[in-house]
Amino acid sequence: MITSRRKLVLALDHRITQTRMNDQFNEPNVDHGPAMPDRRKFLVAGLGLAAAPLLTHVATGAPSAETGATVGKNPVSVRAYGATSAATPLGAMQIERRAIGANDVLLDVLYCGICHSDIHQARDEWATWNPTRYPCVPGHEFIGRVQAVGSAVTKFRVGDIGGVGCMVNSCGTCENCLADREQNCLKEATFTYNSPDPATGGHTFGGYSDKIVVPEHFVIRIPPGVDLAATAPLLCAGITTFSPMQHWKLARGQRVGVIGLGGLGHMAVKLAVARKADVTVFTTSPGKVADAQRLGAREAVLWSDAAAMKRLANQFDLLISTVPQAYPMQQFVNVLKLDATLVNVGAMEQFQGVNGIDLVLGRKSLAGSMIGGIAETQEVIDYCAARNIKAEIELIRPEEINRAYERVVSKDVRYRFVIDMASTKAAG
Ligand code: NAP
Ligand code: ZN
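Basis of the calculations
- Residues numbered from 1 in each chain as written.
- Chains lettered and ligands numbered in written order.
- Predicted model: local features only at pLDDT ≥ 70, side-chain atom pairs only at ≥ 80, totals over all residues.
- Heavy atoms only, no water.
- Buried < 20%, exposed > 50% of the residue type's maximum accessible area, 1.4 Å probe, protein only.
- Helix = DSSP H or I, 4+ residues; strand = E, 2+ residues; numbered from the N terminus.
- Arc of directions from axis to C-beta.
- Contact = heavy atoms within 4.5 Å.
- Donors = N, O, S within 2.8 Å, 3.2 Å for Na, K, Ca; no water.
- Phe/Tyr/Trp six-rings, centres within 6.5 Å; stacked < 30°, edge-to-face > 60°.
- Pairing = 2+ DSSP bridges.
- Right-handed = clockwise from strand over helix to strand, strands pointing away.
- Axes fitted to C-alpha atoms, helices over the stretch in contact; angles between N-to-C directions.
- Parallel < 35°, antiparallel > 145°, perpendicular 65-115°, else oblique.
- Left-handed = near helix turned anticlockwise from the far one by under 90°.
- pLDDT = per-residue confidence, 0-100.
- Near = heavy atom within 4 Å.
- Polar contact = N/O pair within 3.5 Å; in protein donor to acceptor, adjacent residues only side chain to side chain.
- Nonpolar A, V, L, I, M, F, W, Y, C, P; charged D, E, K, R; others polar.
- Core = buried A, V, L, I, M, F, W, Y, C linked by side-chain atoms within 4.5 Å.
- Expected span 1.5 Å × (residues − 1).

Student: Give me the lowdown on helix α13 (residues 401-409), citing residues and values where you can.
Tutor: Residues that lie three or four places apart on an α-helix share one face, since the helix turns once every 3.6 residues. Listed as buried for α13 are I401, A404, Y405, R407 and V408. Viewed end-on, α13 has its buried residues packed into an arc of 165 degrees, placing them on one side of the element. Elements that come into contact with the buried residues of α13 comprise β2 (76-82), α3 (116-122), β17 (393-396) and β18 (416-420). After α13 finishes, the residue K411 shows a positive phi value of roughly 65 degrees.

Structural data, given as structure tokens:
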């Protein structure tokens, strides 16, 4: 385990070498500061930085329309896009962002992906385990420009580019947070939207908005030169599919099946191909077969193709299921090899129709996985930047969000919608 002192030194090193591209596969995260407030305060005080003014404004990047001396100092009302009930379409609204604290970064959002989770949440489809608080402003894969930083921030300067995924805080002290598993925080992570927000007493609002204030630990460094709009989806779709490949150690030549070719599924294909795994897509959409192959899959099999499903029995080392709702899984258990695992990242409901005996006979596993920690999210961003891996996107304007939702639900996404927040600003 990396020591706290070493973490601080490395964090400062990152401040100096912000643009260095990290291509170290499996490199541990090096900055845990703001997620661990107590340790962070101690370390910062030890360096004599604690007395610095609350806000620092180091103009190194693109100019901001606002006055540097006031940006982020007070709560601000910002434009956002959200739903006021499960039945209403998303529309423009004003929300408040808190004044930035010592460890916070104010991001001017440029691009925000649309995840199917946004739709589940906006429409309260997860009411049984995660009821929606309204107004609901979704968005948990976005990239923006740093507009202001708190006095203790070491990871970013004004003008840098940062990204935010599904979490904006966690306790920082439980065993899971200390193990870089903030998403599994024992006190529950603060998710980017629909979580209780201790800072405001309300609930969190996501990235379908002009600006957001996030502790620096939860802001991911975006390497220079990447396609920002097509990199934004890596912050959810990318990490959610990368993490199980890491955990289950998907290796070169192993057979992996990706079930569902949407936002997560297409990233799973690209990430598995990058590892030189042997990829098969299981799709319900005949129109996606050619795309699957173009993305690097060996083949794409229709769920309804009984002969192919029979041919593939006992072939797969790993399956990643991205289907957004429960479905009968037995036919996929059948294609798992001995000891192999089907990792469900999509359906939050009960597993349907799985025969216990088939798991027993083949020592097969059904598992689940949720996004990834901050260190692993940084890792997938750096990994993809080094290999020019990005999402296939359709860039839309905010007025098109509701239409995009309909297309996602009808499986007609190719393969991620990204909201162009930057264009709305350019247009005033
Ligand atoms: P998406 O873009 O809509 O892709 C899902 C794909 O699954 C569809 O394109 C379709 O692919 C297939 N599909 C959809 N409905 C289906 C149905 N009724 N039966 C069979 N196949 C169906 O969604 P996404 O953004 O990738 O998200 C997928 C799921 O993962 C969502 O439920 C989301 O909430 C969840 N999620 C989980 C995590 C996590 O941490 N675990 C993170 C992000 C998202 P084909 O046309 O190829 O069949
Ligand atoms: Zn998501």
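Student: Outline the coordination of the zinc ion (ligand 2), supporting the account with residue identities and numerical values.
Tutor: Surrounding the zinc ion (ligand 2) are the protein donor atoms C115 (SG), H140 (NE2) and C236 (SG), at 2.0 to 2.2 Å. Along the chain, the residues donating to the zinc ion (ligand 2) fall in the pattern C-x24-H-x95-C. In this pair, H140 is assigned in the loop between α3 and β5 (142-150) and C236 in the loop between α5 (228-231) and α6 (237-247), connecting sequence segments 96 residues apart. Overall, H140 belongs to the buried group, its relative accessible area being 8%.

Student: Could you give an account of the packing of aromatic side chains, naming the residues involved and the relevant values?
Tutor: Per the stated rule, a full pass over the model turns up seven aromatic pairs. Here W126 and W129 contribute two aromatic rings whose centre-to-centre distance is 5.0 Å and whose plane-to-plane angle is 40 degrees, an arrangement assigned as tilted. W126 sits in the buried class, given a relative accessible area of 7%. A centroid spacing of 5.5 Å and a plane angle of 65 degrees characterise the contact between F282 and F316, whose relative ring orientation is edge-to-face.

Student: Run through the pairing of β17, naming residues and quoting values.
Tutor: Bridge count for β17 against β18 is four bridges, and the pairing is parallel. Counterpart to E394 in the pairing with β18 is F417. Between the parallel elements β17 and β18, the chain passes through α13 in a crossover that is right-handed.

Student: Account for the packing of α6 against helix α7 (residues 263-274), naming residues and giving values.
Tutor: Where α6 contacts α7, the two axes come as close as 8 Å, and the packing angle between them is 50 degrees. Taken as axis vectors, α6 and α7 run oblique relative to one another. Between α6 and α7 the crossing geometry is right-handed. Every residue of α7 that contacts α6 at A237, G238, T240, T241, F242 and M245 is listed here: G263, L264, M267, A268, L271 and A272.

Student: Give a description of the confidence of the model for the protein chain that names residues and reports values.
Tutor: Looking at the protein chain, pLDDT values average 87 and 83% of them are 70 or higher. Every residue in residues 1-65 scores below 50 in pLDDT, and together they form 118 contacts with partners more than four places removed in sequence or on other chains.

Student: Talk me through the site of ligand 1; I want residue IDs and the actual numbers.
Tutor: Around ligand 1 there are 31 residues in total, and H116, T283, T284, S285 and R416 lie nearest to it. Between S369 and ligand 1, the recorded distance is 2.9 Å, taken from a backbone N or O atom to a nitrogen atom. At 2.8 Å from an oxygen atom of ligand 1 is found a main-chain nitrogen or oxygen belonging to I371. Taken together, the elements giving at least two residues each to the shell around ligand 1 come down to α3 and α7. If one sorts the elements of the shell around ligand 1 by residue count, α3 sits on top with three residues. Here the shell around ligand 1 is built from residues that sort into 14 nonpolar, 14 polar and three charged.

Student: Can you break down the packing of α6 against helix α12 (residues 374-387) residue by residue, with the values?
Tutor: Between α6 and α12, whose axes approach to 10 Å, the crossing angle comes to 100 degrees. Between α6 and α12, the angle falls in the class roughly perpendicular. Of α12, the residues touching α6 (which contributes G238, I239, F242, S243 and Q246) are E376, T377, E379, V380 and Y383. Residues that form the contact of α6 with α12 fall into these classes: four nonpolar, four polar and two charged.

Student: Can you explain unusual backbone geometry? Please cite residues and give values.
Tutor: Residue P135 is bonded to the preceding Y134 through a cis peptide linkage, with omega at 0 degrees. Mapped onto the secondary structure, P135 falls in the loop between α3 and β5. The amide bond that connects R414 to the next residue, Y415, takes the cis arrangement and shows omega of -10 degrees. Assignment of secondary structure puts Y415 in the loop between α13 and β18. Its identity as a non-glycine residue notwithstanding, D339 has a phi of 70 degrees, on the positive side.

Student: With reference to specific residues and values, describe the nonpolar core.
Tutor: V105, L107, Y111, I114, Y208, I401 and Y405 are the most contacted members of the largest nonpolar core, which has 94 residues in total. One finds F282, W303, L336 and L342 within the second-largest nonpolar core, a separate group that totals 17 residues.

Student: So, α7: which residues are in play, and what are the values?
Tutor: Compared with the 16 Å implied by 1.5 Å per residue over 12 residues, the 17 Å span of α7 between its first and last C-alpha is a close match. Within α7, 10 of the 12 residues are buried, which leaves it mostly tucked inside the rest of the structure. Within the sequence span of α7, burial applies to G263, L264, G265, H266, M267, A268, V269, K270, L271 and A272. Where the residues of α7 are buried, they touch α6, β11 (255-259), β12 (278-283), α12 and β18. K276 sits one or two positions beyond α7 and adopts a positive phi of about 65 degrees.

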